[in-house]
Amino acid sequence: ELKVEQNPLFLSMQEGKNYTIYCNYSTTSDRLYWYRQDPGKSLESLFVLLSNGAVKQEGRLMASLDTKARLSTLHITAAVHDLSATYFCAVGSNYQLIWGAGTKLIIKP
Amino acid sequence: DVKVTQSSRYLVKRTGEKVFLECVQDMDHENMFWYRQDPGLGLRLIYFSYDVKMKEKGDIPEGYSVSREKKERFSLILESASTNQTSMYLCASSSSTSPGTGGHNQPQHFGDGTRLSIL
């Protein structure tokens, strides 16, 4: 059974700092996704990672995938308040996605 | 842009009622999904459908059923609502990159969610 673990589940940080969210999964998969959710809103797709060593960047966010370690990271560079949200990783399993519990990120001015 | 529309943002129903949640997507996606989201539990898949009239159980199908009579519409039905079904319900859709071969690389696109309260 595929399981997905994110850590940390909660992160409070200062603007301007760097930090990384980790997503571990238990069995092999050919695809991994990162999503963002703002309070009271739906989920927005951020990144799709499909191969070992894949790296994608959008603004201050960079996601990478190591399929051998079954690990993906979401790195935040020089955080700004607008990045405050809950971030989810999800791992593909046939038709489905198996979701992590989410990381609630609060960025303080 | 993909548009996934859920019929209600907020809904209040009574225990024992039959409840219908509707979801429509406008991108001709093959796959559609119903999740519920509860604090601390993340997203849990209730049912999904990969084609018209096809449905598959997810992780928590008990107490729910679904209907997909047309490609663009996927309905979630609470047969007899109970208080433990109070939750945020999210509908999503995705395309298969390789029709007929089951390729599923595309991300899921979500509706705005329905916050359902059962009293």
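Everything numeric here is computed off the predicted structure, so don't read it as measured data.

Colleague: Would you mind showing me how to read the overall build of chain A here?
Modeller: On a plain count of helices and strands, chain A comes out with 0 helices and 11 strands. Each helix and strand of chain A, placed in order from N terminus to C terminus, yields the pattern β-β-β-β-β-β-β-β-β-β-β. Here the C-alpha atoms of chain A give a radius of gyration of 13 Å, agreeing with the 13 Å that 2.2 N^0.38 yields for 109 residues. Summarising its shape, the C-alpha atoms of chain A cover approximately 40 × 30 × 20 Å along the three principal directions. For chain A, buried positions account for 46% of its 109 residues. Across chain A, every contact between residues at least 6 apart in sequence was considered, and the portion connecting residues at least 24 apart equals 53%. When the accessible area of chain A is evaluated, it comes to approximately 5,400 Å², of which 49% is carbon and sulfur surface.

Colleague: I'm lost on the pairing of strand 5 (residues 43–49) of chain A in this one. Help?
Modeller: All names here are of chain A. As paired strands, strand 4 (residues 32–37) and strand 5 are joined by 6 bridges and run antiparallel to one another. In the strand pairing of strand 5, tryptophan 34 is matched with phenylalanine 47. Linking strand 4 back to strand 5 in an antiparallel pair, the connection comprises 5 residues, with glycine 40 at a positive phi of about 75°.

Colleague: Just checking my understanding: could you explain the state of the cysteines for this structure?
Modeller: Covalent bonding between the sulfur atoms of two cysteines defines a disulfide. All names here are of chain A. Scanning the entire structure with this criterion turns up 2 disulfides over all chains. Paired by a disulfide, cysteine 23 and cysteine 89 hold their sulfur atoms 2.0 Å apart. Note on the cysteine 23 and cysteine 89 pair: the S-S dihedral is about 80°, so by sign convention the disulfide is right-handed. With a gap of 66 residues between them, cysteine 23 in strand 3 (residues 19–25) and cysteine 89 in strand 9 (residues 85–93) connect regions that are remote in the sequence. As far as the burial class goes, cysteine 23 and cysteine 89 line up, both buried.

Colleague: Looking at this structure, I do not really get the layout of surface pockets. What am I missing?
Modeller: Gaps left between atoms show up when a probe the size of a water molecule is rolled over them. Its boundaries defined by the atoms lining it, the largest pocket holds a volume of some 570 Å³. In terms of lining, the largest pocket is formed by 24 residues, of which the most central are A:Gln37, A:Thr86, A:Phe88, B:Gln37 and B:Pro39. Those elements giving two or more residues to the lining of the largest pocket turn out to be strand 9 and strand 11 (103–108) of chain A together with strand 4 (31–38) and strand 9 (87–94) of chain B.

Colleague: I tried to follow unusual backbone geometry on my own but got confused; where do I start?
Modeller: Glycine aside, a negative phi is what most residues show, and trans is what most peptide bonds show. The peptide bond linking A:Asn7 to A:Pro8 adopts the cis configuration, its omega dihedral lying at 0°. Within the element layout of this structure, A:Pro8 appears in the loop between strand 1 (4–7) and strand 2 (10–14). Phi at A:Ala78 takes a positive value of approximately 50°, unusual for a residue other than glycine. Examined against the element boundaries, A:Ala78 turns out to sit in the loop between strand 8 (71–76) and strand 9. The backbone of B:Asp28 shows a phi angle near 60°, a positive value even though the residue is not glycine.

Colleague: In this structure, what is going on with the interface of chain B and chain A? I would like to understand it.
Modeller: It is common to give the size of an interface as the accessible area that goes away when the parts come together. Taken together, the 20 residues of chain B in the interface contact 18 residues of chain A. Around 1,700 Å² of area is buried between chain B and chain A when both sides are counted, 57% of it from carbon and sulfur atoms. Put simply, chain B and chain A have 0 salt bridges between them. Inspection of the region where chain B meets chain A yields 5 residue pairs in polar contact (both at pLDDT 80 or more).

Analysis parameters
- Residues numbered from 1 in each chain as written.
- Chains lettered and ligands numbered in written order.
- Predicted model: local features only at pLDDT ≥ 70, side-chain atom pairs only at ≥ 80, totals over all residues.
- Heavy atoms only, no water.
- Helix = DSSP H or I, 4+ residues; strand = E, 2+ residues; numbered from the N terminus.
- Rg over C-alpha atoms; globule rule 2.2 N^0.38 Å.
- Buried < 20%, exposed > 50% of the residue type's maximum accessible area, 1.4 Å probe, protein only.
- Contact = heavy atoms within 4.5 Å.
- Areas by Shrake-Rupley, 256 points an atom, 1.4 Å probe, with all protein chains shown as cover.
- Pairing = 2+ DSSP bridges.
- Disulfide = S-S within 2.5 Å.
- 1 Å grid on protein atoms, 1.4 Å probe; cavity = no way out; pocket = protein on both sides within 12 Å on 5 of 7 lines; lining within 4 Å.
- Points joined across faces, edges and corners; volume = space filled by probe spheres on them.
- Buried area = accessible area lost by both parts, 1.4 Å probe.
- Salt bridge = Lys/Arg side-chain N within 4 Å of Asp/Glu carboxyl O.
- Polar contact = N/O pair within 3.5 Å; in protein donor to acceptor, adjacent residues only side chain to side chain.

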